[in-house]
Amino acid sequence: MPENSPLISVIMPAYNCENYIREAIESVLHQTYPNIELLVADDGSTDATKKIIDTYTDPRIKRFHNTHNLGYLKTSNLLVAQCSGDYISFQDADDSSALNRFEVFLKEFNRDPELACIGSFANRMDENGKLMEVIQLKCDYKEIKNDLPKVFNCIGSALIVKKNVIDALGLYDAYFDRCGSEDLYWYGLVAYKYKTINVPEALYNYRLNSQSVSSDKNKSPKKQMSKEFASYFLSYFYETGKHLLENKYRLRVLENYLIGKCLCWNQQYRLGLKKIFTSILLNPFVYASRYQLLRVYLPKIASGA
């Protein structure tokens, strides 16, 4: 291998994925581009995930197991802090990569020095590995940026990014801990400042795993609305250049609105409308769609639904 071959750091948080972890690890270790370090953390699994990880002796694997479950976001942030690579990429422990994934990415980086972040198309697989569809995304940077903050042309775990971007922006915001869409908000911040594209090849295999965090939609309203939170957070950042978390008042308005909206979707009309009313009382002049929700859902209460 040439001496100037850059190192790629791949982070892999793992939790209760004994059926898939071996395929995920080997899809990284067997890449056509070999100068890789794989940082793996078992996140307090209750199955054989940790045991399987520890059977590997490849020196490119670095283990940072958690003593108890921290969740995907915190584990990812901890792993990123340990990366030594020139580039940082992601690999979910229940997914897998095409074996030429990183070779293709590096060719793109070498072709265009302005590139900071690259994604790709992905194969959406069922739990048994059967192809369901190919997820296609916009590839051109201008189109990607123009779609934000409403449309996210990315699959977070299919990305690779230059380490200097992580050094400048960090990784995931703790606000999204345990609710998801942390990758969408982060990606929007990256694309705001840095050139990012997608490769029109399915280089990542995304598995619909009923046990994964992203598939669990029956928990908190905040989790169910996480993508909308990411979109509103980005809208605020694009408009002001500041993070919404710095404005506790606007954040409270938004939380009451989106959580109230979700509760109404779940037919919890009284509690949902109470939160929407609170949002309106806090700020009657923002998010006019809140008034439309009142017109839709107030009759539900009146009819005894």
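See the structure above.
Here we summarise the structure given alongside this text.

The rules behind the values
Residues numbered from 1 in each chain as written. Predicted model: local features only at pLDDT ≥ 70, side-chain atom pairs only at ≥ 80, totals over all residues. Heavy atoms only, no water. Pairing = 2+ DSSP bridges. Helix = DSSP H or I, 4+ residues; strand = E, 2+ residues; numbered from the N terminus. Buried < 20%, exposed > 50% of the residue type's maximum accessible area, 1.4 Å probe, protein only. Contact = heavy atoms within 4.5 Å. Phe/Tyr/Trp six-rings, centres within 6.5 Å; stacked < 30°, edge-to-face > 60°.

### Some thoughts on the pairing of strand β9 (residues 195-207)
In the sheet, strand β5 (residues 96-97) pairs with β9 via 2 bridges, with the strands oriented antiparallel. In the strand pairing of β9, Ser96 is matched with Asn205. As judged from the 10 bridges shared by strand β6 (residues 115-125) and β9, these two strands associate in the parallel manner. Following the sheet pairing, Leu115 is matched in β9 by Lys195.

### A short note on the pairing of strand β1 (residues 8-14)
Counting buried positions over the 7 residues of β1 gives 7, a clear majority of the element. Neither face of β1 is left uncovered, since the one carrying Ile8, Val10, Met12 and Ala14 and the one carrying Ser9, Ile11 and Pro13 both have all their residues buried. When β1 meets strand β2 (residues 36-42), the two strands line up parallel, connected through 7 bridges. Paired with Ile11 across the bridge in β2 is Leu39. One ladder, built from 4 bridges, connects β1 with strand β4 (residues 87-90); its direction is parallel. The residue of β4 that forms the bridge with Ile8 is Tyr87.

### What about the environment of Glu201?
With respect to the element layout, Glu201 can be found in strand β9. Each C-alpha atom, one on Glu201 and one on Ser157, is 15 Å from the other, the two residues being 44 residues apart in sequence. Not counting the four nearest positions on each side in its chain, Glu201 is found in contact with Asn100, Val104, Ser120 and Phe121.

### Details of unusual backbone geometry
Peptide bonds are mostly trans, and most non-glycine residues show a negative phi. Cis geometry is adopted by the peptide bond preceding Pro149, which originates at Leu148 and carries an omega value of 10°. Relative to the helices and strands, Pro149 resides in the loop between α5 (141-147) and β8 (160-162). Its identity as a non-glycine residue notwithstanding, Gln267 has a phi of 65°, on the positive side.

### Topic: the packing of aromatic side chains
Scanning the model with the defined rule gives 18 aromatic pairs in all. On the numbers, 6.5 Å between centres and 25° between planes, the contact of Phe90 with Tyr172 is stacked. Taken together, the positions of Phe90 in strand β4 and Tyr172 in the loop between α6 (163-169) and α7 (182-193) put the pair 82 residues apart, joining distant regions of the chain. Geometrically, the ring pair formed by Phe229 and Phe233 is edge-to-face, given 6.4 Å between the ring centres and 85° between the ring planes. Of this pair, Phe229 and Phe233 are both found in helix α9 (residues 226-240), 4 residues apart, which corresponds to roughly one turn of the helix. Both residues of the pair, Phe229 and Phe233, belong to the buried class. Pairwise contacts between aromatic rings join Tyr175, Phe176, Tyr185, Phe229 and Phe233 into one cluster.

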